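Chains, contacts and geometry: an overview
Single-letter residue listing:
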Amino acid sequence: MRRSNSDNLLPTIMIILGATGDLAEKKLLPSLFHLYEKGKLPSMFQIVGFSRRDWGNEEFQSYVTKILKKHTKETAKIKKFVQFIVYQQGYFEKRGGYNKLAVTLGFKDEEWKVCSNKLFYLAVPPKLYKGIFEHLSSSGLTEPCSPEEGWTRVIVEKPFGKDLKTAQELDRMLGNLFEEEQVYRIDHYLGKETVQNILAFRFSNSFFEPAWDNKSIEKIEVRLLERDGIAKRGEFYDGIGALRDVGQNHLLQLLSLFLMDNPGTFAADSIRSKRAEVLGALKSMTVKDVGELTVRGQYEGYRKVEGVEKNSKTETYFRLLLEVDTLRWKGVPIVLESGKGMKEDLVEVVVTFRHQQPCLCPPGEHYKNQLHYHIQPTEGIFASFWVKKPGSEMILERKDFSFDYRAAYSDEEFIDAYEKLLAAAVAGDQTLFVSTEEILASWKFIDPIISAWQTRKVPLQSYKLHSEDIRKEKIIKKESLERLIGFVGLGKMGSEMVSRLSEHGWQLLVFDENVKAIKEAESALVKGAADIKEMIQGLSSPRIIWLMVPAGKPVDDVLDTLLPNLSKGDIIIDGGNSFFEDSQKRAVSLKKKGIHFIDAGVSGGPGGARQGASLMIGGDRKVYDRLVPLFSDLSEQGGFGYMGKAGAGHFVKMVHNGIEYGMMQSIAEGFALMKKAPFSLNLKEVARVYNRGSVVESRLVGWLGEVYHIFGQNLKGISGSVSHTGEGEWTVKTAKKFKVNVEIIAKSLAFRIR
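Residues numbered from 1 in each chain as written. Predicted model: local features only at pLDDT ≥ 70, side-chain atom pairs only at ≥ 80, totals over all residues. Heavy atoms only, no water.

Moving on to empty space enclosed by the protein. This structure, assessed with the given rule, holds 4 cavities of 30 Å³ or more. What the largest cavity holds in volume is close to 60 Å³. Every residue lining the largest cavity is listed: Val156, Phe160, Ala167, Leu170, Asp171, Leu174, Arg185, Ile439 and Leu440. Breaking the lining of the largest cavity down by element, the ones donating at least two residues are α6 (164-177) and α14 (436-454). Ranked by the residues each element gives to the lining of the largest cavity, the list is headed by α6, at 4 residues. Its residues placed into classes, the lining of the largest cavity shows 7 nonpolar, no polar and 2 charged. (1 Å grid on protein atoms, 1.4 Å probe; cavity = no way out; pocket = protein on both sides within 12 Å on 5 of 7 lines; lining within 4 Å. Points joined across faces, edges and corners; volume = space filled by probe spheres on them. Helix = DSSP H or I, 4+ residues; strand = E, 2+ residues; numbered from the N terminus. Nonpolar A, V, L, I, M, F, W, Y, C, P; charged D, E, K, R; others polar.)

This is how it looks when you write it as structure tokens:
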């Protein structure tokens, strides 16, 4: 049952299991004292320390006093605080201590004459969780007095399991004892001030969110670097490794905050749900992917640390290249990186924005903006921008906007992460805690990587302490595509596609029967060819040749000229509006000669060809996969896809054009009706409003609005007839062949040819 915040005024007992350990000493006890100083704890509050040491209340209170004196000189306050502390000796693996603990808690309830809230904090190694939960359950400690009285909550530390299987087992065990709202899984990074600020930074600043997607962002890097080694954590760390220690939790949590959609509210359920959506969309890696997209290393001297196996294969450094498979983020490379023994301490997220197309930069220069979100050791936000350097020449220079969080709020108190997390747990606010869905989704992504590493698919590289060598190891897919292509056809679409490819760093050899078109296309990366043979000779095998010529005989004529000069393994891409059955036949014929044929439907008009088109691609899947970098550079971000075997690309494009006919016809009829209406409607204004959030919003409506703007309400100078190029007719004939009724498309076609 969900409790209201008024329940937090009830007497509350916090039981720290592992009260004499490092976590309690360094974080929990000082944080609880600070909360007490600030009056943030319930007026009736008690801390019960549970541990193996054979102590009584006085010994434990003396121990706590020594700890707190390292943090404050307020001895009088310390003395008052420790009066709220008692101690119960017990062994985590034995039932007896829990029975005694139950008696202690019962006495306190009798003294207060109320069923108090109970908060169990497991400040112990995760391997002890199972036994502790079983004993808590069997001793009745987790049972509430009644549905109407005091709540029971449990706080557990990361790591939450060692893999997906153990995480699921732990989750089932918790599920048998508690409701999800009672379980508080701590990732202390979520309690850091600058981490919490990510939500405000993203969703309270309107100039960032519109550019926060794959159309505007080129790459995201999340890194957590530590100068220190593993210190005295040898036994624990050697069974975990860097990826489990910080990758599965800290880094993925940071990533989810940067990529999540707007939660609509700052409520815990909304925020945790949106974080979980990101983690659930992480694209799972195959063994081959792990081999190509990950780097791992171990610093020299690691195996000499006490508790580490002599031949340990545990990584102290990793770097992953991953992708989030959502419409918003598909295609954006994301780097997760962490390591011990690095050159510096650094926790940051770096967002690199895409270079705008077309480029207005000086020749040969491409400038990009970056945003650095620093979490440690400095806390701040730094954004790069470019300005013209004073002088007669257009020389750009990088400058930075910077925001130092500590300097900006120097008069404010920065609260420790654990202090925030403890206060939130008492208050019943789960925003800063990790949900079951987040845990399982992150392990589902991490597991295949760990499994592949255990089979030695990725070599464990050695690196010197405090060096940068391991960070220089590049992640590159083995089957990289040479950025060299032949291009035939420099019409309106072809010339714009050539310009776009050259701006993405492609070298092009181009040919067109129009010599003037060749001259206009030439640039530093675009070279014209006198004929097709010369173009082919300038390409290295396996060659890639893109055709952008009219459908039918022109395609066959170009193929006849190409074939005598091609070699096995070369690739021909037909990007024109060819009939899909012709593409099927050409693919079969070329395959016999060892030539790959890809059919690519290209939509978007000349503007799309320049700014990024929509590509519908058919052919051999393996060949398509090799050409993904090419399709990615030609298309709007995420605007390309594999449709199926040979002919599928042109088939989908053909139907696309048939749909376009129907849409254009209905838009024309609707606006003709509005023109006759007795309201003196401003059709340009109607088109503008239609294209701002309505269900008929489209590029076609946008183009119509532009036409009204240029030619006026009566479209003076515009003919009432529309030409057709064959795709609509092919669509209708194919539909009849497949016995599918396409009445709207057929009538739209009939209007064009009447």
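Right, picking up where we left off after that structure.
Next up on the list: the nonpolar core. Among the nonpolar cores identified, the biggest contains 101 residues, and Phe133, Ile220, Leu255 and Leu336 are the most heavily contacted of them. At 10 residues, the largest contribution of residues to this core is made by helix α9 (residues 242-259). Counting only domains with at least three residues in this core, you end up with domain 1 (12-157) and domain 2 (190-345 + 417-472). Sequence-distant contacts of Ile220, defined by excluding residues within four places in its chain, comprise Leu255, Leu259, Trp329, Val332, Pro333, Ile334, Val335, Val349, Val350 and Val351. Val498, Phe511, Val526 and Val623 belong to the second-largest nonpolar core, a separate cluster that totals 55 residues. (Core = buried A, V, L, I, M, F, W, Y, C linked by side-chain atoms within 4.5 Å. Buried < 20%, exposed > 50% of the residue type's maximum accessible area, 1.4 Å probe, protein only. Domains from an automatic or database assignment. Contact = heavy atoms within 4.5 Å.)

Turning to a nonpolar patch on the surface, a few remarks are in order. A cluster of nonpolar residues, Tyr690, Val695 and Val696, forms a patch on the protein surface that exposes about 300 Å² of accessible area. For Tyr690, a relative accessible area of 31% puts it in the partly exposed group. (Patch = residues over 30% accessible without salt bridge, like charges linked within 9 Å, V, L, I, M, F, W, Y side chains within 5 Å. Areas by Shrake-Rupley, 256 points an atom, 1.4 Å probe, with all protein chains shown as cover. Salt bridge = Lys/Arg side-chain N within 4 Å of Asp/Glu carboxyl O.)

With that out of the way, let us pick up the domain arrangement of the protein chain. The domains assigned to the protein chain are domain 1 (12-157), domain 2 (190-345 + 417-472), domain 3 (484-646) and domain 4 (655-753). A C-alpha centroid distance of 31 Å is found between domain 1 and domain 2. Domain 1 puts 17 residues into the contact, and the matching count from domain 2 is 9 residues. Roughly 1,100 Å² is buried in total at the junction of domain 1 and domain 2, and carbon and sulfur atoms are behind 72% of that figure. Among the residues of domain 1 in contact with domain 2, Ser31, Leu35 and Arg153 are the three that bury the most area, contributing 33% of the side total. (Buried area = accessible area lost by both parts, 1.4 Å probe.)

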